[in-house]
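Here is what each chain is made of, one letter per residue.
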Amino acid sequence: MGRRGTTRKREHTPVMRQFLRAKGQHPDAIVFFRLGDFYEMFYEDAARAAEILDIALTSRGTGPDGRKIPMAGVPHHAAAGYLATLLRAGQKVAICEQMAEPASVRGVVPREVVRVVTPGLCLEPDALDARAENFLVGVTQDGGIAALELSTGTLRACALDVGPQWVGELVRLDPAEVLVEPGEQDLDALCGQSLPTAAVRRVEVEGDAVLRDALTEDQATTLQADPRAACAASLVLTYAKAHLADSPIHQAVLYDAGSRLVLDDAAVRNLELVRTLDGERRGSLLHLIDETKTAMGARALRARLLEPLTDIERIRRRHDAVDSFFMDARCRDQVRAALGAIGDLERLAVRTAVGLASPRDLGVIRDSLSAAATLYELLAARTGGVLDDSMASMRDVDLCGDALSLLKNALVEEPPAIDRQGGIFREGYVAELDELRALSTRAKDVLLDLEQRERARTGIGSLKIRFTKVFGYYIEITKSKLDAVPDDYVRKQTIANGERFITAELAELQDRILHADERARAIESAAFVKLRRTLGDEAARLHRLARAIASVDVSAALAEAASARGYVRPTVDGSRDLFLEDSRHPTVECYAAGDGFVPNSIALEGDGTRFMLLTGPNMSGKSTAMRQAALAVIMAQAGSFVAAKRAQLGIVDRVYTRVGASDHLARGQSTFMVEMTEASAILRGATDRSFVILDEIGRGTSTYDGLAIAWAVAEHLHDVTACRTIFATHYHELCALADRLPHAANFNVAAKEHGDSMILLHQLVPGGSNRSYGLAVARLAGVPPIVLARAKSKLQELETDTNEAPKPQLPLFGGSTRPVSEVDATLRALDVERMTPVDALVTLARLRDLAGVDDDE
């Protein structure tokens, strides 16, 4: 009789149960599950990662349902690059590590999720832009904004009414990840529209308790001064707490977004401050003037450009610092050379504090602290011999000399990339490690020394210490000398010619020699963790030093840019004037071809001519002149010199731009809707201290609608807002405004005409333009002659007195019902001498169409 059949339920393997447990803890993350030399991903994680990373999707065994388990993997040593790609795609990644060496464990290696990396909570250098901040931003329905920069340990918060300025602040922060309270659908959508590249998530907030848990008492008290800002800060700290074991905050500040020059998203975008309209850093103003030598200096310069000051004294101190380097080229070169040897102390301090810094990272900190000491000496020894107000950031700086001494004494010249490689510490730093290294490298000498001592002690001259893989180290004594063997010798084996013995000292030495490398690595790794923890406790000091160095780096970089490109120190005061003599557009002049860039002077007075009505042809430079004036204001108030021969600027509180044509189809907004939305933000937000540049208001609708809107907007900015304005338009009818508005004046961009041709001079001159130049520009652009001729004839027709009744004329060809005047006028408008043979054939065909000739006739 056979055994009764039984059905055994299929189960996951122990390793897969580990994965599923990790996945259950972090269901919204892709789990990087460490298996030997690879991070493996399974099930839906594998499918998603394979698509994003463009890697093979394979399988591993079968699950309880009998189906193959999808699997994808990336090499452990190259994981950083793949991780960066996933983060850029907005994914979360949970890192599940092996918690013990496989060789030391019987059975399944224990594994745990050690951290969760998200786009806004990232410390991996390969996934971060060294020259830009990486913000995790939390927003609340009542206007609270908090920005956590984990890699530098900074938290900042503010509160604004939800509106254009609120959106502008979000765009300025340019976060990698945005957190919104659950249920706030409108806010969720607004963030998604305004920040298309950011990952937007909804998060429950724990309340103020998380502030006290994550921050010092002083930091928490600072943020709680504004409940809206505190709530937003709680949002980001709650999220950080759920994903990280530790998130050190070295600086937590409550800031007033209105205490600096306000730049909305349109201004940041249209002026191409940090990125071009194509989204590239190259070609932007930041790319042009960024001569910084350190990563933290580059980030500080970017932040200054996006949040210029409005405090005159602070602006002047920044100009003083730039001026001191501008006037002393030798000092500037020496300082920049010292800065070039300084690594990213700001981010390395945080990596050290959270236990992620490698031996090589600590070596960079050591070298950076040494270079910082050199930098301080150079600044102290410069002309004047003191660290005056221009170098205030370095006057009382803590150079962390004790940390430098510790690292110099501890680390080898070039520490390894990972601690398990060994070779981290100098000889003399860890005594036990030195002994083990000596055993490992001089084992033969140690054994010979023991052999000589035993020969002397026993009187047995033939005594030998030998080694076999089976028995290890032993002392061999010939038969003739066995009577002289000491009592502490333990017999291990009898051989034909004598005996083999072991002693307690030799057994201990054998253990030490055979396990010296392994023990050395363990002791060195433990010593490194201790050193890293000691240095991590000083992270706040390193952070403060890094910010002081960044300030010096920015000043020296701006001086270098000013010297190389001929910028001048602006005079900044409390007036409402704006005078720029021979100003240039910083980036356009770098790419200008031919005869180079044509500078222009601009003069606006708070109590005089403050409204410039600018007319002239397309491509003549109107937009460039407007933009360069706005850039001069931003650069000056950021602390930079400006591209001009002379500059005097009264403080500006807001810069508004309405430049060019664009749409937001994803938001359901046409070009004209975008134009009107931006115009609305300007009219509602501008003050008498604002600087507004408007280009082509009203061109997105019918002629009369557009002209009426442009007229009304111009009057409002002049009469009600009373701000400094450059208003460019093709509606030359608006030139009449200068006759009736006391603070308005007409200017145009000069052009010379030769028949139907035009030469653009790119020079601003007083007076308005009484005509448009569309046809001339169309000719320059290469529009076919027949189209130009047809447009010219139609223009002449439209410009005639519309009240005059047209006279009927006979058709040119028998079958035509179209008036002869159209064909005749088009013929007269043709520039025959400039036509190519192909143009002539196309023109002839078009004239036949106008005449109504049928090809079959």
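A. Here's a closer look at the overall build of the protein. Each helix and strand counted, the protein has 31 helices and 27 strands in total. When each of the 857 residues of the protein is scored for burial, the buried share is 49%. In the protein, once contacts between residues fewer than 6 apart in sequence are set aside, the share between residues at least 24 apart is 67%. When the accessible surface of the protein is totalled, it reaches about 40500 Å², and 50% of it is carbon and sulfur.

B. Fine view of the side chain of R654. Note that R654 resides in strand β23 (residues 654-658). Within the local environment of R654, its side chain forms a polar contact with the side chain of D653, the two groups lying 3.3 Å apart. Setting aside its immediate chain neighbours within four residues, R654 contacts Q165, L261, V262, G685, T687, R689, S690 and F691.

C. Spotlight on helix α3 (residues 79-88). What α3 keeps buried is the set A79, L83, A84, L86 and L87. In a view along the axis of α3, the buried residues occupy a sector of 165°, so they form one face of it. Once α3 finishes, G90 follows within two positions and takes phi at roughly 85°, a positive value.

D. Representation of the sheet that holds strand β19 (residues 578-583) within the structure. What the four strands build is an open sheet, ordered β18-β22-β19-β20; its pairing is mixed. Only two strands of the sheet have a single partner each, and these edge strands are β18 (571-573) and β20 (600-604). Between one strand axis and the next, the sheet turns by 15° as a mean value, whatever way the strands run.

E. Structural context of the pattern of salt bridges. Going through the model one piece at a time under the given rule, you end up with 51 salt bridges. Its salt-bridge partner being D28, residue K92 comes within 2.6 Å of it at the nearest N-O pair. Linking K92 in the loop between α3 and β5 (93-98) with D28 in the loop between α1 (14-25) and β1 (30-35), this pair joins segments that are 64 residues apart in sequence. Using a relative accessible area of 6% as the deciding quantity, one classes K92 as buried. Among the residues examined, D28 registers a relative accessible area of 44% and is labelled partly exposed. Residues D290 and R281 are paired through a salt bridge, measuring 2.7 Å at the closest nitrogen-oxygen approach. Residue classification places R281 among the partly exposed residues on the basis of a relative accessible area of 29%. Taken together, the shared-partner salt bridges in this structure form one network comprising R156, E169, R172, R260 and E307.

F. The arrangement of the packing of aromatic side chains in detail. A full pass over the atoms with the stated rule returns nine aromatic pairs. Ring geometry for F33 versus F42: centroids 6.2 Å apart, planes at 70°, classification edge-to-face. By relative accessible area, which is 0% here, F42 ends up buried. An aromatic cluster of at least three residues, connected via ring pairs, comprises F19, F33 and F42.

G. Region of the structure containing the environment of A209. Along the polypeptide, A209 turns up in helix α6 (residues 209-214). It is 9.6 Å that separates the C-alpha atoms of A209 and A220, two residues lying eleven residues apart in sequence.

H. Structural view of the sheet that holds strand β14 (residues 464-468). Read across the open sheet, the four strands follow the order β14-β15-β17-β16; overall the sheet is antiparallel. Both outer strands of the open sheet, β14 and β16 (490-495), are each paired with one neighbouring strand and no more. Direction aside, the axes of adjacent strands within the sheet are offset by 40° on average. Against the sheet, helix α19 (residues 443-458) contacts β14 and β15 (472-478), and its axis sits at roughly 140° relative to β14. Sheet strands in contact with helix α20 (residues 504-514) are β14, β15 and β17 (498-502), and its direction is about 145° off that of β15.

I. Quick look at α1. Helix length check: α1, at twelve residues, gives a terminal C-alpha distance of 17 Å against a target of 16 Å (1.5 Å per residue), a fit within 8%. Within the span of α1, buried status applies to V15, M16, Q18, F19, A22 and K23. Along α1, the residues classed as buried sweep out an arc of 150° about the axis, all on the same side. Among the exposed residues of α1, those pointing more than 90 degrees away from its buried face are G24 and Q25.

J. A look at the confidence of the model for the protein. Chain-level pLDDT for the protein is 86 on average; 86% of the residues reach the 70-or-more range. Ignoring residues within four places in sequence, the model shows residues 1-5, a span with pLDDT below 50, making zero contacts including any to other chains. Between residues 663-668, whose pLDDT stays under 50, and residues either more than four places distant or in other chains, the model counts eight contacts.

K. Summary view of the nonpolar core. The biggest cluster of nonpolar side chains holds 118 residues, and the ones touching the most others in it are L273, I289, L375, F691 and I726. Looking at this core, the element that brings in the most residues is helix α22 (residues 539-565), giving 14 residues. Among the nonpolar cores identified, the runner-up in size contains 28 residues, and L123, L148, L215 and L223 belong to it.

Reading guide: rules and limits
Residues numbered from 1 in each chain as written. Predicted model: local features only at pLDDT ≥ 70, side-chain atom pairs only at ≥ 80, totals over all residues. Heavy atoms only, no water. Helix = DSSP H or I, 4+ residues; strand = E, 2+ residues; numbered from the N terminus. Buried < 20%, exposed > 50% of the residue type's maximum accessible area, 1.4 Å probe, protein only. Contact = heavy atoms within 4.5 Å. Areas by Shrake-Rupley, 256 points an atom, 1.4 Å probe, with all protein chains shown as cover. Polar contact = N/O pair within 3.5 Å; in protein donor to acceptor, adjacent residues only side chain to side chain. Arc of directions from axis to C-beta. Pairing = 2+ DSSP bridges. Axes fitted to C-alpha atoms, helices over the stretch in contact; angles between N-to-C directions. Salt bridge = Lys/Arg side-chain N within 4 Å of Asp/Glu carboxyl O. Phe/Tyr/Trp six-rings, centres within 6.5 Å; stacked < 30°, edge-to-face > 60°. Expected span 1.5 Å × (residues − 1). pLDDT = per-residue confidence, 0-100. Core = buried A, V, L, I, M, F, W, Y, C linked by side-chain atoms within 4.5 Å.

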